[in-house]
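Listed below are the residues making up each chain.
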Amino acid sequence: MASPLLKSLAPMTPAERQVREDLAAAYRLVAHFGMDDSIYTHISARVPGTDDQFLINPFGMLFCDITASSLVKIDTEGRIVEPSDYAVNPAGFTIHSAVHMARHDAHCVLHTHTLAGVGVSSLAGGLQPCNQWALQFHNRVVYHTFEGIALNHEERERLIADLGPKAKALILRNHGLLTCGTSVAEAFILMMNLERACKVQMAIQATGQPIHPVPEEVCELTARQYEGWETNRKAGSRDPYEREWKAYLQRLEPARPSSFRD
């Protein structure tokens, strides 16, 4: 027998079902890798076939417990589209609705408050080109000034302006990290790389020793090499994130706890 929650969900397309399962898996993987912050921070995914609806975590549930059927569907005005036993974190709505409203290419938006991410976001120099993971974001990460807890909807305009039309990585000053992607897989893998870049930088800076410089031309070359994967994907070849995403999903096997539950 289907659970009451499943009964309350409207019929969905196979595409939405897949996005729900991927999104729930991302929540559990973020918890698995220690990038969660109690019941705070968020990952959202656009509902396939819509421009104004997205799925986000139920406020009050730990990331490790989130399933495909427990995700809350809301629109960019903050209205809950389908019945849910949970509300949505207002700060999460502000940040994620802003990105989904302005960037229709951003099918998934991932935001974290990790020690390394918050640490780098609080440094005047921000992310430094001091390791290979960081070079993926060389001249491709943007910054948004801290305005307090993101409860003011007027901040959305400034956040959108800072993110711009193309950036996939945003550092929220004194706050944390944000990545967006054309898929859940892309947003998650970008965040894994951005998080590792921050961890390495904090570890290096803790030594007090000078950072070995990478020539500017090599920094740009490396960033373009990373971008080559995306170019190949758009040209019709295999999604460069698919193989790594499937490998990460093995951490959730064999129980597939991110799936729908009856």
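Given the structure is predicted, the values throughout are model-derived calculations rather than measurements.

Draft legend 1. Here's a closer look at unusual backbone geometry. The residue Thr-41 is not glycine, and still its phi comes out positive at about 70°. With respect to the element layout, Thr-41 can be found in the loop between helix H2 (14–32) and strand S1 (42–46). Look at Thr-41 and you get buried, because its relative accessible area is 1%.

Draft legend 2. The environment of Thr-112, seen in detail. Tracing the backbone through its elements, the reader meets Thr-112 in strand S4 (residues 108–112). The spatial distance from the C-alpha of Thr-112 to the C-alpha of Leu-177 is 5.4 Å, given a sequence separation of 65 residues.

Draft legend 3. Molecular detail of the pattern of salt bridges. Considering all chains together, one arrives at 12 salt bridges under this definition. The salt bridge partner of Glu-16 is Lys-73, with a shortest N-O separation of 3.2 Å. In this pair, Glu-16 is assigned in helix H2 and Lys-73 in strand S3 (residues 72–75), connecting sequence segments 57 residues apart. Neither residue differs from the other here; Glu-16 and Lys-73 are each classed as buried. Taking relative accessible area as the criterion, Lys-73 reaches 7% and is therefore assigned buried.

Draft legend 4. View of the nonpolar core. In terms of nonpolar packing, the biggest core is built from 51 residues, with Tyr-27, Ile-43, Leu-127, Phe-188 and Trp-245 touching the most fellow members. Considering every element that reaches this core, the biggest residue donor is helix H7 (residues 184–207), with 11 residues. If sequence neighbours within four positions are ignored, Trp-245 has contacts with Asp-22, Ala-25, Ala-26, Leu-29, Val-184, Ala-185, Phe-188 and Ile-189. Core analysis: the next-biggest nonpolar cluster, separate from the first, contains 14 residues, Val-99, Ala-150, Leu-163 and Leu-178 among them.

Draft legend 5. Layout of the pairing of S1. Along S1, 5 of the 5 residues are buried, which leaves the element largely enclosed by surrounding structure. Across 4 bridges, S1 lies against S4 in antiparallel orientation. Residue pairing in the sheet places Ile-43 in a bridge with Leu-110 of S4. Taking the residues between adjacent antiparallel strands as the criterion, S1 and strand S2 (residues 53–56) are bridged by 6 residues, where Gly-49 takes a positive phi near 85°.

Draft legend 6. View of helix H9 (residues 242–249). Three or more residues of H9 are buried, namely Trp-245, Tyr-248 and Leu-249. The buried residues of H9 occupy an angular sector of 105° when the element is viewed end-on, so they sit on one face. Those residues of H9 hidden inside the fold are in contact with H2 and H7.

Draft legend 7. Molecular detail of the pairing of strand S5 (residues 141–144). The sheet contact formed by S5 and strand S6 (residues 169–172) spans 4 bridges and is parallel. Paired with His-144 across the bridge in S6 is Leu-172. With helix H6 (residues 155–163) bridging S5 and its parallel neighbour S6, the resulting β-α-β unit is right-handed.

Draft legend 8. Representation of empty space enclosed by the protein within the structure. Applying the stated criterion to the full structure yields 2 cavities of 30 Å³ or more. Size it by volume and the largest cavity reaches roughly 60 Å³.

The rules we used
Residues numbered from 1 in each chain as written. Predicted model: local features only at pLDDT ≥ 70, side-chain atom pairs only at ≥ 80, totals over all residues. Heavy atoms only, no water. Helix = DSSP H or I, 4+ residues; strand = E, 2+ residues; numbered from the N terminus. Buried < 20%, exposed > 50% of the residue type's maximum accessible area, 1.4 Å probe, protein only. Salt bridge = Lys/Arg side-chain N within 4 Å of Asp/Glu carboxyl O. Core = buried A, V, L, I, M, F, W, Y, C linked by side-chain atoms within 4.5 Å. Contact = heavy atoms within 4.5 Å. Pairing = 2+ DSSP bridges. Arc of directions from axis to C-beta. Right-handed = clockwise from strand over helix to strand, strands pointing away. 1 Å grid on protein atoms, 1.4 Å probe; cavity = no way out; pocket = protein on both sides within 12 Å on 5 of 7 lines; lining within 4 Å. Points joined across faces, edges and corners; volume = space filled by probe spheres on them.

Read these as layout, nothing more, since geometry by itself doesn't imply function.
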